[in-house]
Amino acid sequence: MIEDRIEVNIAGGLDIELPRMVDVRQKFDAVHLGDIAATVANEFQRPEVRARVKAGQAIAVGCGSRGIANIATIVKCVIRELQALGARPFIFPAMGSHGAATAEGQRKVLEGYGITEASTGVPVRATMDTAIVGKLDDGTPVHMDRFAAEADGVVVINRIKPHTAFRGATESGITKMLAIGIGKIVGAATYHQHGMDTFPELLPKVRDVNLAARNVLFGVGIVENAHDQTSAIELIPSERIAEREPVLQDMAKKLMPQLFFDEIDVLIIDEMGKNISGAGFDPNITGRNRRAVQWNYGPLTKKIVVLGLTPETHGNATGVGGADIITMRLFREIDIPSTYANIITSMNLDGGAIPMVMNTEQEAIQLAVKTVVRVKPRDCRIVRIRNTLELAQIQVSEPLLAEVRARPDRFQIASPAAPWVFDTQGRLVPFPPVGEPSALAAGAR
């Protein structure tokens, strides 16, 4: 049993000199939509979209567990446009095993994003029951959320982006929601038994069975830029999903954020969670993936320290096994039932492995720096980020400044070098809101 505080004998102790840190802004393409409501309304003006919606239809609108920019607004706009065409929409959670694999847990995930009956004006119908609507050629049953299967029509809303554990023409987005998400825990577990390496071929097959078996009207595909802003919203008729989703995925890959370094000794991540990434923190950003997925981005990262969980993840720490060191605070925040439900469904149990636990954020960072081989603490190349979604504002150690100065196209130095700022409990001063000076800048004066 882990006590409230761990006493461990570390050779030489942790009283080491950390290199000074600097605020740095990374430069990304900032193109984004200015008017979400107008964009959704314009998409509903397309004849091939309007013709699918019939007056009086009960339409199930599927929403997932990811933290998507403007998701509450997008959902409300889709609901409003369906109602304007005479339909009777309702919302259902399309998130596989997330939310502790319970109907109430999944309802709470949606509530955390502002998607409620009060905010949308329509019912939220949550269940873990499914209907088997067909089979794959090998006999695998295809599951669909019971409320969605019983509806007159189905619409799903999701962000399209690279997946964290497989590569294919479609990865994380509409197709995955029409297979894993809409299949609830029983469907998700069934498909994961095939192995994630089969997903590039398997998930489109599951999607197509669902499309043929029920009246899926369209998918609402969302693409975000590196600033976590909405760059595109497209309503994709069901028969065009296989054609259009790869195009939007390619757009998402080009717009996604990254860390513009070849090598990082210690990466400090302030927060992880399911709202950030399916893996808690995105391997496409950190460059480290225990699934051995090939990816052209991401640095060589030697040590990863994660300090805490986001409130929106509700204790789900899936992916924590990808870190080397976590804090006692994070460890205490882990909700075992919700984490295990997600991990077991994925079949990849190492995602739930507990890294080394240190008492404070200061000790966690010092341990990581101390254990980088062949690198003295004062020479350690450290990067600190808020999470793997928000990378425009980062902090780097002085040994990385030469690289920063050599890339004015990608970096802008935003503060002088300054010592680390910890409070009396060994916690780092949090990142400030974007655009505001950090404690480093204040401490350097």
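Scroll up to find the structure.
Conventions used here
Residues numbered from 1 in each chain as written. Predicted model: local features only at pLDDT ≥ 70, side-chain atom pairs only at ≥ 80, totals over all residues. Heavy atoms only, no water. Pairing = 2+ DSSP bridges. Helix = DSSP H or I, 4+ residues; strand = E, 2+ residues; numbered from the N terminus. Axes fitted to C-alpha atoms, helices over the stretch in contact; angles between N-to-C directions. Contact = heavy atoms within 4.5 Å. Buried < 20%, exposed > 50% of the residue type's maximum accessible area, 1.4 Å probe, protein only. Arc of directions from axis to C-beta. Phe/Tyr/Trp six-rings, centres within 6.5 Å; stacked < 30°, edge-to-face > 60°. Lys NZ or Arg CZ within 6 Å of the ring centre and 35° of its normal. Core = buried A, V, L, I, M, F, W, Y, C linked by side-chain atoms within 4.5 Å.

**Overview of the sheet that holds strand S15 (residues 411-413)**
Part 1 of the argument: Spatial strand order, S12-S11-S10-S9-S13-S14-S1-S15: eight strands in an open sheet with mixed pairing. The open sheet has two edge strands, strand S12 (356-358) and S15, and neither has a second partner. Here the average twist between neighbouring strands, direction ignored, is 30 degrees.
Part 2 of the argument: Note that strand S1 (residues 21-26) and strand S14 (residues 393-397) share five bridges and pair antiparallel. Along S14, the bridge assignment pairs Met21 with Ser397.
Part 3 of the argument: Strands strand S9 (263-269), strand S10 (300-306), strand S11 (325-327), S12 and strand S13 (382-385) of the sheet are contacted by helix H14 (residues 361-370), whose axis makes an angle of about 170 degrees with S11.

**Notes on the sheet that holds strand S2 (residues 58-63)**
Part 1 of the argument: Ordered by their spatial adjacency, five strands build an open sheet running S3-S2-S6-S7-S8, and the pairing between neighbours is mixed. A strand with exactly one partner marks an edge of an open sheet, and here the two such strands are strand S3 (88-93) and strand S8 (230-237). Averaged over all pairs of adjacent strands, the angle between their axes in this sheet comes to 20 degrees, without regard to strand direction.
Part 2 of the argument: Inspection of the sheet shows strand S6 (residues 153-159) paired to strand S7 (residues 216-224) by six bridges, in the parallel sense. Each bridged residue has a counterpart across the sheet, and for Val156 the counterpart in S7 is Gly219.
Part 3 of the argument: Contacts between helix H7 (residues 174-181) and the sheet are confined to S2, S6 and S7, with S6 contributing the most and set at about 120 degrees to the helix.

**Considering unusual backbone geometry**
Part 1 of the argument: Phi at Ala100 takes a positive value of approximately 60 degrees, unusual for a residue other than glycine.
Part 2 of the argument: Take Ala100: it is sitting in the loop between S3 and helix H4 (103-112).
Part 3 of the argument: With phi around 55 degrees, His314 is a residue other than glycine that occupies positive phi space.
Part 4 of the argument: Checked against the element boundaries, His314 lands in the loop between S10 and S11.

**Thoughts on H4**
Since one α-helical turn is 3.6 residues long, residues separated by three or four positions face the same way.
Part 1 of the argument: Buried within H4 we find Gly105, Gln106, Val109 and Leu110. For H4, the buried positions fall inside an angular range of 145 degrees around the axis, keeping them on one side.
Part 2 of the argument: Where H4 is buried, its residues contact S2, S3 and helix H8 (184-192).
Part 3 of the argument: Positive backbone phi, approximately 85 degrees, marks Gly114, located one or two places after H4.

**Regarding the packing of aromatic side chains**
Part 1 of the argument: On inspection of all chains with the given rule, the structure shows six aromatic pairs.
Part 2 of the argument: Relative to Phe411, the ring of Phe260 lies with its centre 6.1 Å away and its plane at 85 degrees, an arrangement referred to as edge-to-face. In this pair, Phe260 is assigned in the loop between helix H10 (241-255) and S9 and Phe411 in strand S15, connecting sequence segments 151 residues apart. Both residues of the pair, Phe260 and Phe411, belong to the buried class.
Part 3 of the argument: An angle of 10 degrees between the planes, with centres 5.9 Å apart, marks the rings of Trp420 and Phe422 as stacked. An identical accessibility class is assigned to Trp420 and Phe422; each is buried.
Part 4 of the argument: By way of ring pairs, the aromatic residues Phe28, Phe260, Phe261 and Phe411 are connected into one cluster.
Part 5 of the argument: One cation-aromatic arrangement involves Arg125 over Phe90; the distance from NZ or CZ to the ring centre is 4.3 Å.
Part 6 of the argument: In this structure, Arg146 is placed above the aromatic ring of Phe147, and the distance from its NZ or CZ to the ring centre is 4.6 Å.

**Points about the nonpolar core**
Part 1 of the argument: Phe92, Leu178 and Phe199 are the most contacted members of the largest nonpolar core, which has 39 residues in total.
Part 2 of the argument: The biggest single contributor to this core is helix H9 (residues 199-213), with six residues.
Part 3 of the argument: One finds Val24, Ile285, Leu330 and Val404 within the second-largest nonpolar core, a separate group that totals 35 residues.

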